[in-house]
Amino acid sequence: MEAPSRIGPLSLLIFLLASSGPVAAEKDGIDIYSLTLDSKVTSRFAHTTITSRVVNKAEEAREAIFQMELPKTAFITNFSMVIDGVTYPGEIKEKAAAQEKYSSAVAQGQSAGIIKATGRSMEEFQVSVNVAPTAKVTFELVYEELLKRQLGKYELMLKVRPQQLVKHLQIDIHIFEPQGISSLETESTFMTNDLADALTKTQNKTKAHIVFKPSLSQQQKEPGKEDTTVDGNFIVRYDVDRVTDAGDIQIENGYFVHHFAPAGLPMVPKNVVFVIDKSGSMAGRKMRQTREAMVQILGDLRPEDQFNLVIFDGHVFQWMPALLQASSQNVEQAKKFTSLISAMGATNINDAVLLAVKMLDDSNRKEKLPPGSVSMVILLTDGDATDGETNPKKIQENVKAAIGGSYHLYCLGFGFDVNYAFLEKLALENGGVARRIYEDSDSDLQLQDFYQEVANPLLTKVEFQYPDNAVELLTQDNFRVFFKGSELVVAGKLKSQLENSLLAEVKGQSSTQNFTFQTEVNVEDKEKVFQSPKYIFHNFMERLWAYLTIQQLLEKAVSASAEEKKSLEARALGLSLNFSFVTPLTSMVVTKPEGQDQDQVASKPVEADNDWSSSFSLMARLPNAGTPRFPGLIFQQGVSGHLPGVPGPPGAAGVSGSFLPVGGALRYNRPPPPDYSMMGGLDAMASVPLLPDPPLMKLFEAPIPSPTHPGKKAPHFILLGNNHTEETICVNVRGSSDSPQNLISDPGQGIEVTGQYEGRRNKFDWLQVSYRTPEIRVRVTQDNIVVTRGHGGKSSSHQWKSSLYLVLPGLKITLENGVLLLSDPDKATIGLVFLNHPTPGLRLFLRDPAHFSSQTSGVLGQFYQDFQLDPAEVRTFENTRGLSVMGKNYTVTRTSMMDFQEGRATVPQSELLCWYLEQPL
């Protein structure tokens, strides 16, 4: 049976309806001959249009599936198909009005829901249509979103996955920010050095234009093959200038938007109680990552902050009797306590949160909280309440009554076993937000990034004020707290009788004083700014106002009473229909040509609705004692792997995921494929035959041994040339140290390289490169690469086997073939590699060392200062020479060693002839 072709811009998956391979599919089936992604960002509001043109080259009709991914925060505004010159538009209706079509399609066994969540920040849109022989079809999809400032950056992400070569493939991004663009960076998970020429970026004070237009040859993985290298994320991050602390007001066609993010304000002290779930379901990787994240988070507390810890399972434990000052001594004690937390038992959310609130109340009553400080509770849990008060509604009532509007409650739901709707309402009712932490290799970074968003309060009780006779239809204009790295946005409509100026005041409080920021703008002058059609789309500011209003109405509805919720949703529905937004209250009916399959209905999912579609649990009974054994494998706590023979998604030979012994049973969690769901809840029982002694036992994800190179060592470091010699030096360190090593310190270049050496295993556990300009930190372990922007900025995690192409002002970071390169024309190039063989560990090499300054020092930095290699005629033996470094004399040997500079994927590894030195620590 033939499989359908998949066609989709951004997340383009294309397959032929035939059983032939991909090359035949490109020749004989449906082919994309043009794909354009056009995104216009004006005043942080992004309008993205994806146009895909396809042709059916087969001799019979083919079914094509248009599939793409877009941000969860975006609203689809239009979708249309043009088939044989006839346009078939999508029609946006109230959700209930589209339900009949949806129910009818489901009854016929068709897939009617064509939007679904597909990850942390993306959701998938999918439509199918039959294409006649030689016919051409144009797909066009439009969506809009307001880019939110988080940790000092706005981010626009496009998902690009064509799965075939495309004759005309182009990404076109225009950014227009009247305030001025202060920083701009691009990042891609598919870009390589071969594709770099296809990317161009131009920028002036207020505008930026980014174009990615690869040729067919550039897209090819290998000459003569149809496989494409274009597969992954294309990201643009930027920030804007801020001339006045009162913020920037922009006006277009009778609507205005006020962006407020003052700089240079003093930090407001905070009082925070961390409430950490340590129930049995947190065992394994969840608990380990939570411990690791908490160590980092505690280290980021400021001395003027106060804190405490509540740890809970079925019982509730408080670390200290009262809140403590975040002194270095108290923080270190808290880190030691946190590092020893182990998981077991039930889940008593109610008592844990109430205890945290009581701690804040006690300190407040005793006047131990600094005046003007911000008090908050941060709850981390991965499941429903199973002990104490278990009724979600009653817990919400208890917590709301206890907090009484005095503190902020932030709820982090770890994984998909949590009742997210419960956590979301719990947070929104108490001045906070809820966030899902996705169970992945970087869960600890997700926790740290969320904490950084709320770690630095700058103002409380922020209120925007405009003359009553000047504006109407305002969005939210008062905010309980403003955090560093974020932005407050207010939009509204100007009244017709307004004169040619608009006055605005923003009031707020810090811990030491009250602030009033004031600005006045000329309406006519502001209107003129947006008269360039190249950078804007029609009535964008009115649409920005509607988008923001809908988002806020839906958020208020979560914690509103039944009657108020009905009113809020009615207002949001009216705006959604009026502005043609696909929101959680509306659906888009996609009409197909007469005689084709059932029309399809696009309904936007929300986070709380996606628990079942993103994960499920499988329980298998285990013996009460001994190691649980299944045919073909051994299960170990917290280890991921594959369970053959267990029923899984249709067509799967088995189920892969993480397995965890809990209470005499084996708990299993994994995200299923998008087209698979389990009815009736998250837990199911599976009957799996147990064997006392399986003939074949396979450990989950056991590392596959890499080919070895007898007699060839891979040095820790390769140093290429310096100011004194063109010779290559290979350096191994030896000894042991409990503290991180200063490998390179160059104040002139603003570069620091440090690492933790473990002498017993002769390897570095981690290496870290820090830059002053741009302010960025790159930390590598054998498991991943973490890039962190600025102090307390956003972190991103990457795997060694993946690709990365990140371009910032003053630094380029690339990851290709297992080699991480940090380079700039004015800086020394630093290369990092993780090798599995012959001795597993991290490696580093240096190029362009002439850029190091005269201030360079450190274990490696010293080689670029007081360094002297004896001339050949002074050598003691044929292959040895004397070496002097910083007044110390060594003997180095001419040796052939493994050259890891081209990457670990090169087998066999090339060799390098260098002078070898063992450097004692």
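Shown above is the structure to which this text applies.
Residues numbered from 1 in each chain as written. Predicted model: local features only at pLDDT ≥ 70, side-chain atom pairs only at ≥ 80, totals over all residues. Heavy atoms only, no water.

Caption draft 1: A look at the sheet that holds strand S17 (residues 255-260). If you trace the 4 strands from one edge of the open sheet to the other, you get S16-S17-S28-S26, paired in antiparallel fashion. Of all strands in the sheet, those bounded by a partner on one side alone are strand S16 (248-252) and strand S26 (471-472). Judged from the 2 bridges that link them, S26 and strand S28 (residues 488-494) form a sheet pairing that is antiparallel. Paired with Val471 across the two strands is Leu494, which belongs to S28. (Pairing = 2+ DSSP bridges. Helix = DSSP H or I, 4+ residues; strand = E, 2+ residues; numbered from the N terminus.)

Caption draft 2: Region of interest: the pairing of strand S15 (residues 232-240). Most of S15 sits inside the fold, with 9 of its 9 residues counted as buried. Bridge count for strand S10 (residues 154-160) against S15 is 7 bridges, and the pairing is antiparallel. Within S15, the position partnered with Leu156 by the bridge is Val236. In this structure, strand S12 (residues 181-188) lies alongside S15, joined through 7 bridges in antiparallel fashion. (Buried < 20%, exposed > 50% of the residue type's maximum accessible area, 1.4 Å probe, protein only.)

Caption draft 3: Region of interest: the sheet that holds strand S9 (residues 136-146). Ordered by their spatial adjacency, 10 strands build an open sheet running S13-S14-S11-S2-S3-S9-S5-S6-S31-S32, and the pairing between neighbours is mixed. Strands at the two margins of the open sheet, each flanked by one partner only, are strand S13 (199-203) and strand S32 (600-603). Strand-to-strand twist across the sheet, computed as the mean angle between neighbouring axes with direction ignored, equals 15 degrees. Pairing analysis gives 8 bridges linking strand S5 (residues 75-83) to S9, with the strands arranged antiparallel. Residue Ile83 lies in a different strand from S9, and its bridge partner there is Val137. Sheet contacts for helix H12 (residues 562-578): strand S6 (86-94) and strand S31 (586-590); angle to S6, the most-contacted strand, approximately 170 degrees. (Axes fitted to C-alpha atoms, helices over the stretch in contact; angles between N-to-C directions. Contact = heavy atoms within 4.5 Å.)

Caption draft 4: Quick peek at the pattern of salt bridges. Enumeration according to the criterion identifies 36 salt bridges in this entry. Across the pair Glu155 and Lys794 runs a salt bridge, and its minimum N-O distance is 3.6 Å. Taken as a pair, Glu155 in strand S10 and Lys794 in the loop between strand S47 (785-789) and strand S48 (795-798) lie far apart in primary sequence, 639 residues in all. You can call Glu155 partly exposed: its relative accessible area is 26%. The exposure class of Lys794 is partly exposed, given its relative accessible area of 33%. (Salt bridge = Lys/Arg side-chain N within 4 Å of Asp/Glu carboxyl O.)

Caption draft 5: Region of the structure containing the nonpolar core. Judged by nonpolar contacts, the single largest core of 61 residues is most densely connected at Phe79, Phe125, Phe212 and Phe234. For this core, the element with the most residues is strand S2 (residues 30-42), which contributes 5 residues. Among the nonpolar cores identified, the runner-up in size contains 48 residues, and Val733, Phe834, Leu844 and Trp915 belong to it. (Core = buried A, V, L, I, M, F, W, Y, C linked by side-chain atoms within 4.5 Å.)

Caption draft 6: Summary view of the state of the cysteines. Applying the stated rule across the entire model yields 1 disulfide. Note on cysteine connectivity: Cys730 is disulfide-linked to Cys914, with sulfurs 2.1 Å apart. Taking the torsion about the S-S bond as the criterion, the Cys730 to Cys914 disulfide, at about -115 degrees, is left-handed. Placement of Cys730 in strand S42 (residues 728-734) and of Cys914 in strand S57 (residues 911-920) is noted, with a sequence separation of 184 residues between them. Judged on exposure class, the residue Cys730 and its partner Cys914 are both buried. (Disulfide = S-S within 2.5 Å.)

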